[in-house]
Amino acid sequence: MPFDLIIKNGTVIDGSGLPRYRADVAVRHGRIAAIGRIRERAREVLDAEGRVVAPGFVDAHTHMDAQVFWDPMGTCSCWHGVTSVVMGNCGFTLAPCGKPERHLVVRNLERAEDIAAEAMDAGIDWTWTTFPEFLDRIEALPKGINYAGYVGHSALRTYAMGERAFEKEASEDDLRAMERELRDALRAGAIGFTTSRSPSHETPDRRPVASRVATWDEIRRLVGVMGDMNAGIFEIAGEAAGRTASDPDGLRDYHTRLRDLAVETGRPITWGLFSRREAPNIWRKYVDLLEETAATGGRMFAQVHSRALSVVLSFRTNLPFDRLPVWKDLRALPLAEQKVRLRDPELRRRLVEAARERDQRRPIGAEPRQASYDWIFVMDSVEGPHRSLAEVARERGVDPVEAMIDLALERDLERFFLQPIANEDQDHALELMKHPRTVVTFSDSGAHVSQIMDASLQTHVLSHWVRAKQALTLEQAVRMLSFDVATQWGFADRGLIREGFAADLVVFDPDTVAAEMPEVAYDLPAGARRLLQRSRGYAATVVNGEVVLRDGKPTGALPGQLLRGPLARRG
């Protein structure tokens, strides 16, 4: 038989943005071998009648560095058409770091990215010290999808400096050690270098993660290594500048430093961009920075989301009140006992009263915020519309906290609530998605596992922006999720349906594709908790020519690869 797989009778949307067409797609040895009317036989045939055949989607902002050791399929991303992911964002990686010092990188990840230390301890077989050794370990793991990895600044710092990385500026010897390891990482296939200067990134003991202690000169030295080697992308979780409108000078200084770094080094710089209701127009200044950098000869693009970034609240996960007196005691009980206690009128009165207090610990990242009941929404469906707690409370004539308790009890504490913390204005979200210097990719998949559920952002583009709102064509949406991302991250043989390209493909029904409601699972190592969100409408996902999912169910095939960076590919 000349072909390993033929996908027949589908509507091909090839990722380029060009109009769809009807064709068969044939695969041999993991590559697309033919497109058109194919009459030859194959070992396996998929009938795609009535469905779209598209390139597999690329998710370039994940934190699957730990998850890949216990979950080769890359859930939840794989359920949403994703065939390749980039891990190691925001300066957080598991290497370089030897096993005796692993507590240092765990400290960076645990609170900042909401990855349970006990899960990492139980689920990771630590067999490396250097970043090249780490990549070799990833390559040897069974994988259902493809993985690429940055080397992270926090790990570089702790590798070179130990405990001093959380407190001190780097010495010249420290900088040289970091530069050496970064060069070795890039030669071995690191896709670039990442850092965080975000106040949202703290350790469990409320100290800045290691990269935040670095000076800007340290960052320039390290990005300069990539400039000297003419390889690698620089990704940054940015400074606090621009979170409010009260510091225009600070914002301008930060933007100038970013622009100049792009021009000086010649390396692409990327970062996440959201609109925020507390500073509704600041995002436009970041868009201006993209244009200004291009005009001065630098390369820069922003990563954007397809919907509001929302904390998913529930009694089974997290609530804004969990650290408050009375609430803290209640939430320490098993859920069955919480249900009984929540029906006690006296305790309910005390809970409502306690919820008016303020938690003294500042929420970071995707942790629940102080409750503003006009901005907490009842999630009875994925698409919505979602009613606010304030609205429900007014209808019922009760305090919003009491309404929240009643709503949760009505669903056996299974009900979810959404607390948007960015991209609240969907008109702004769409404008950002359509900007020519942005890419739609910011799932954080593998991180914030009990706080947010954004691995479905690709499905949301298809179900909401294409089908429900008709704000994008399918051709535009597929290009956003495949070719645009693959191109920015240098995956030259992925993101298009072309002969000779890697056979990463997704087959879906455009009329039914949608995300399912989230669910809570205790399926991480050591029984740690996470949120899951499955999908419907995906008939098949193909990775490197093998069907890895049929109707959302794994086939057992694990053809995923490590996608090494440009220096490793050059040999």
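The structure under discussion appears in the preceding block.
Residues numbered from 1 in each chain as written. Predicted model: local features only at pLDDT ≥ 70, side-chain atom pairs only at ≥ 80, totals over all residues. Heavy atoms only, no water.

**Description of the overall build of the protein**
Here's step 1: Looking only at helices and strands, one finds 18 helices and 25 strands in the protein.
Here's step 2: Seen through its principal axes, the protein has C-alpha atoms that stretch 75 × 60 × 45 Å.
Here's step 3: Here the protein holds 571 residues, and 61% of them are scored as buried.
Here's step 4: Look at the contacts in the protein between residues 6 or more apart in sequence, and 76% of them connect residues 24 or more apart.
Here's step 5: Surface accessibility of the protein: about 21,600 Å² in total, with carbon and sulfur atoms responsible for 46%. (Helix = DSSP H or I, 4+ residues; strand = E, 2+ residues; numbered from the N terminus. Buried < 20%, exposed > 50% of the residue type's maximum accessible area, 1.4 Å probe, protein only. Contact = heavy atoms within 4.5 Å. Areas by Shrake-Rupley, 256 points an atom, 1.4 Å probe, with all protein chains shown as cover.)

**Brief notes about empty space enclosed by the protein**
Here's step 1: Tallied over the full model, the rule gives two cavities of 30 Å³ or more.
Here's step 2: Considered as a void within the structure, the largest cavity measures approximately 130 Å³ in volume.
Here's step 3: In terms of lining, the largest cavity is formed by 16 residues, of which the most central are Ser445, Gly446, Ala447, Val449 and Met453.
Here's step 4: The residue inventory of the lining of the largest cavity, partitioned by class, reads seven nonpolar, six polar and three charged.
Here's step 5: Computed from the structure, the second largest cavity encloses a volume of approximately 60 Å³.
Here's step 6: Along the walls of the second largest cavity sit Gln67, Trp70, Asp114, Ile115, Ala116, Gly446, Val449 and Leu524, which together make up its complete lining.
Here's step 7: Taken together, the residues that form the lining of the second largest cavity break down as five nonpolar, two polar and one charged. (1 Å grid on protein atoms, 1.4 Å probe; cavity = no way out; pocket = protein on both sides within 12 Å on 5 of 7 lines; lining within 4 Å. Points joined across faces, edges and corners; volume = space filled by probe spheres on them. Nonpolar A, V, L, I, M, F, W, Y, C, P; charged D, E, K, R; others polar.)

**Brief notes about the pattern of salt bridges**
Here's step 1: Going through the model one piece at a time under the given rule, you end up with 54 salt bridges.
Here's step 2: In this structure, the salt-bridge partner of Asp454 is Arg307, at a minimum N-O distance of 3.3 Å. Residue Asp454 is found in the loop between strand E17 (438–440) and helix H15 (457–468), and its partner Arg307 is found in the loop between strand E13 (300–304) and strand E14 (309–313); the two are separated by 147 residues along the sequence. Comparing Asp454 with Arg307, the two get one shared label, buried.
Here's step 3: Through salt bridges with shared partners, a single ionic network connects Asp380, Arg396, Glu410, Arg411 and Arg415. (Salt bridge = Lys/Arg side-chain N within 4 Å of Asp/Glu carboxyl O.)

**A look at the packing of aromatic side chains**
Here's step 1: Overall, the coordinates contain 13 aromatic pairs when judged by the stated rule.
Here's step 2: On the numbers, 4.7 Å between centres and 25° between planes, the contact of Trp126 with Trp128 is stacked.
Here's step 3: Among the residues examined, Trp126 registers a relative accessible area of 7% and is labelled buried.
Here's step 4: Judged by relative accessible area, Trp128 falls into the buried class, the value being 2%.
Here's step 5: Judged by centre distance (5.1 Å) and plane angle (85°), the ring pair of Phe301 and Trp489 falls under edge-to-face. With a gap of 188 residues between them, Phe301 in strand E13 and Trp489 in the loop between helix H17 (483–488) and strand E18 (505–508) connect regions that are remote in the sequence. Residues Phe301 and Trp489 agree in their burial class; the two are buried.
Here's step 6: Three or more aromatic residues joined by ring pairs make a cluster, and in this case those are Phe69, Trp126, Trp128, Phe131 and Phe134.
Here's step 7: Looking at Arg107, its charged tip hangs above the ring of Phe166, at a distance of 4.5 Å from the centre.
Here's step 8: The ring of Trp216 carries the charged tip of Arg257 above its face, separated from the ring centre by 4.8 Å. (Phe/Tyr/Trp six-rings, centres within 6.5 Å; stacked < 30°, edge-to-face > 60°. Lys NZ or Arg CZ within 6 Å of the ring centre and 35° of its normal.)

**Topic: the side chain of Asp14**
Here's step 1: On the secondary structure map, Asp14 appears in the loop between strand E1 (3–12) and strand E2 (21–28).
Here's step 2: Among the polar contacts listed, one links the side chain of Asp14 to the side chain of Arg498, at a separation of 2.8 Å. (Polar contact = N/O pair within 3.5 Å; in protein donor to acceptor, adjacent residues only side chain to side chain.)

**A short note on the layout of surface pockets**
Here's step 1: In this structure, the second largest pocket occupies an estimated 880 Å³ of space.
Here's step 2: Asn318, Arg361, Glu367, Gln451 and Arg529 are, among the 36 residues lining the second largest pocket, the residues nearest its centre.
Here's step 3: At the level of secondary structure, the elements contributing two or more residues to the lining of the second largest pocket comprise helix H2 (117–123), helix H9 (327–331) and helix H10 (335–341).

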